[in-house]
Amino acid sequence: MKTLRLVPDNTKIDFMSIRHYAYALSIIMIVGTIVLLWVRGLNLGIDFQGGILLEVRTEGAADLSAMRDKLGQLGLGEVSLQEFGAPNDVLIRVPRQQGDETAQMAAIERIKTALGAGYEYRRTEFVGPQVGQELIEAGILAVVLSIIGITIYIWFRFEWRYGISAVICLLHDVFAVLGLFALTQMEFSLTTLSAVLLVAGYSVNDTVVISDRIRENVRKYKTMPISDLINLSLNETLSRTVMTGGTVLLALGSLWLFGGEVIRNFVDAVFIGIIIGTYSSIFVAAPILIIFKLRPDAKPEPAPAIGANEKTPSKV
C-alpha cells in the first residue's frame, strides 16, 4: 500500500543558498513589528483594558449610526460599535463606569433601555481595571516562563547552539504574530494570547524535529560542509514539515469557516503563526547554526551533491 507523500522522495532544494534573503525578510518583519507596536500598539480587548462589552443581534441589518446616536446621549464615555460577523450582529464597547459592580450593571440597563425593543442580547461582560492589569501581568509571565522552559529543555537535549537558535526562532514567531495584530488592529484578548503560546509551541516542535535530524547527520557525515549537511537534513524532514503544517491549516480552515466570529481572531493568529513558524524553522533556526559554527572542525572540501556520495538516511 502506497503512502501519501506531498513532497517527492530525494528532494534536493538548496535552502541555504537563499538564507541571506531570509535574514533580510526576518529583520524587516521584526523591525516593522517594533515600529507598529510603538506607533499603533495593540488593540487590547476588554480582558486587558476593563470596561463593558455587549454583543447584540438586531432583527434586520444593524443601523450603527442610529445606535451610536442613542448611546451617545447617555454620557457613558466613548462608546464603540462595530459589526461582528453578520450584518445584524453588533459589538458594543463602553468604558468602565465610576463605582462598583452596581454602577456597571446600571450602565448596562441604561444601554438596553436606550436601544429599546428589537435587540437580542447574546453576551454581556464587564471587567474591572485591576482584573485587566492582573491578566496582562499573568499573560506576560506565561510567555516568559514558556520561553525559559523551552530554552532549558532544548539546552539539555541538544547543546547551547541549538538552544539559542530555537529561542531566536521562537521570539521571531511571537513578534510576527504581534505584528499582525498591531497592523490589522484586531482585538488582542486572552484568547489571542493563547494563540501566541500555541504558535510558540508549534514552532519549537518543528525546530526540534529539524535539529534532531541535523544532530544525527553531524555524527554520520563527518566531513560534509555544514551548509550541505543542513540542506540534506531539511530535505529529509521536508515531507514531515509540509504534512504537519498542512493538516493543521486544514483544521484551522474548518474553524475559520464554521467556528463563528467569536474565535475568528484566534484562528487568524494561529493560521499566520503556523506559516511563519514553518518558515522560521527552515530559514531562521537552521541557518543560525552556521553562524554559530555548529561544526568548526569540518574540513573545507568541495560541496558534494546532496545525497550523491552518501547513503541517504531514512525519511521521517
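Our subject in this report is the structure included herewith.

Rules and cut-offs
Residues numbered from 1 in each chain as written. Predicted model: local features only at pLDDT ≥ 70, side-chain atom pairs only at ≥ 80, totals over all residues. Heavy atoms only, no water. 1 Å grid on protein atoms, 1.4 Å probe; cavity = no way out; pocket = protein on both sides within 12 Å on 5 of 7 lines; lining within 4 Å. Points joined across faces, edges and corners; volume = space filled by probe spheres on them. Helix = DSSP H or I, 4+ residues; strand = E, 2+ residues; numbered from the N terminus. Nonpolar A, V, L, I, M, F, W, Y, C, P; charged D, E, K, R; others polar. Phe/Tyr/Trp six-rings, centres within 6.5 Å; stacked < 30°, edge-to-face > 60°. Buried < 20%, exposed > 50% of the residue type's maximum accessible area, 1.4 Å probe, protein only. Axes fitted to C-alpha atoms, helices over the stretch in contact; angles between N-to-C directions. Parallel < 35°, antiparallel > 145°, perpendicular 65-115°, else oblique. Left-handed = near helix turned anticlockwise from the far one by under 90°. Contact = heavy atoms within 4.5 Å.

Estimates place the volume of the second largest pocket at around 340 Å³. The set of elements that each furnish at least two residues to the lining of the second largest pocket consists of α5 (129-157), α6 (160-184) and α7 (190-220). In terms of residue count, the dominant contributor to the lining of the second largest pocket is α5 (six residues). Of the residues belonging to the lining of the second largest pocket, the class tally is 15 nonpolar, one polar and no charged.

Moving on, we get to the packing of aromatic side chains. We describe a pair of aromatic rings using the distance from one ring centre to the other and the angle between the two ring planes. For the structure shown, the criterion picks out three aromatic pairs. Residues Phe-181 and Phe-188 carry aromatic rings whose centres are separated by 5.5 Å and whose planes lie at 90° to one another, so their mutual orientation is edge-to-face. For the residue pair Phe-181 and Phe-188, the accessibility class agrees, reading buried in each case. Measuring from centroid to centroid gives 5.6 Å for Tyr-279 and Phe-283, while their planes differ by 35°, and the two rings are tilted. Remark: Phe-283 and Tyr-279 occur in helix α9 (residues 264-291); sequence separation between them is four residues, near one turn of the helix. Assessed through its relative accessible area of 16%, Tyr-279 is described here as buried. Under the relative-accessibility criterion, Phe-283 is labelled buried at 14%. Following the ring pairs from residue to residue traces out a cluster consisting of Phe-15, Tyr-279 and Phe-283.

Packing of α7 against helix α8 (residues 226-258) brings their axes to within 9 Å, and their N-to-C directions diverge by 150°. Comparing their axes, α8 and α7 come out roughly antiparallel. Between α7 and α8 the crossing geometry is right-handed. Taken together, the residues of α8 that come into contact with α7 (itself represented by Tyr-202, Asn-205, Asp-206, Val-209, Ile-210, Arg-213, Ile-214, Asn-217 and Val-218) are Leu-229, Ile-230, Leu-232, Ser-233, Leu-234, Glu-236, Thr-237, Arg-240, Thr-241, Thr-244, Gly-245 and Val-248. A per-class count over the contact of α7 with α8 returns ten nonpolar, seven polar and four charged.

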